[in-house]
Amino acid sequence: MSDLLWIFISTLLINNFVLAYFLGICPFLGVSQRLDTAFRLGMATVFVMLITAFCVWFLNTYILIHAPYLRLISFIVVIASTVQFIEMVIKKLSPALFKALGIFLPLITTNCAILGLAIFTTNKGYGLVQGLVYALGAGLGFTLALVLMAGLRQETELAPVPRLIRGTAMNLIIAGILSTAFMGFAGLFSAT
């Protein structure tokens, strides 16, 4: 059980896909303007990551045993199918959210964090439960990064920020500071 907890904490904080590996930067910088949109996209990404982790385990265990060269293309097909399914569900259940997410919902298909999850899970040799915990930690870490960025961006809109660094420059500064702050978790947990 402590092994699963370590996988979860490590992926959520120390090895955060966005702030440590710099995977999923497009939605991180593009969708993180409003808290509600960032949170909802994060939850959709968590769902896609969990489905991807299950499918990756299934593919690696039962189908791609003697054909490891087909892994990458298989992972891409699974991710694209899952995202299309989620897109249809969100469009049907919440047209407002579908409109708010706009182009960023189909971009989950090309989100390198999800493909990175599939590859990392395979390379680490995780089983089903470990892979699902890893996916949950990665997805919640992605959501945490999006929500933190969205909150800070909303705060800077109200702050007297010099005109020179408003917009993209300020967002990149915030992203760098968040990344540096999350690096501190590595030292915190290695000292224990």
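Small disclaimer: the values here were computed from a predicted structure and weren't measured.

### Focus on the side chain of Arg153
Right, on to step 1. Looking at the secondary structure, you find Arg153 in helix H7 (residues 128–158).
Right, on to step 2. The buried charged residue Arg153 lacks any salt bridge, with Glu157 as its nearest oppositely charged partner at 6.2 Å.
Right, on to step 3. Apart from the residues within four sequence positions on either side, Arg153 is in contact with Phe28, Leu29, Ser32, Gln33 and Asn171.

### Description of the confidence of the model for the protein chain
Right, on to step 1. For the protein chain, per-residue confidence averages 86 on the pLDDT scale, and residues scoring 70 or more make up 96% of the total.
Right, on to step 2. Of all helices and strands in the protein chain, the one with the weakest mean pLDDT is helix H5 (residues 95–101) (79), whereas H7 scores best (92).

### Some words on the packing of helix H4 (residues 71–93) against helix H6 (residues 112–124)
Right, on to step 1. Viewed as axis vectors pointing N to C, H4 and H6 meet at an angle of 135°, and their least axial separation amounts to 10 Å. Classified by the angle between their axes, H4 and H6 sit oblique to one another. Taken as a pair, H4 and H6 cross one another with a handedness that is right-handed. On H6, the residues touching Arg71, Leu72, Phe75, Ile76 and Ile79 of H4 are Ile114, Leu115, Ala118, Ile119 and Thr122.

Rules used throughout
Residues numbered from 1 in each chain as written. Predicted model: local features only at pLDDT ≥ 70, side-chain atom pairs only at ≥ 80, totals over all residues. Heavy atoms only, no water. Helix = DSSP H or I, 4+ residues; strand = E, 2+ residues; numbered from the N terminus. Buried < 20%, exposed > 50% of the residue type's maximum accessible area, 1.4 Å probe, protein only. Lys, Arg positive; Asp, Glu negative; His and termini not counted. Salt bridge = Lys/Arg side-chain N within 4 Å of Asp/Glu carboxyl O. Contact = heavy atoms within 4.5 Å. pLDDT = per-residue confidence, 0-100. Axes fitted to C-alpha atoms, helices over the stretch in contact; angles between N-to-C directions. Parallel < 35°, antiparallel > 145°, perpendicular 65-115°, else oblique. Left-handed = near helix turned anticlockwise from the far one by under 90°.

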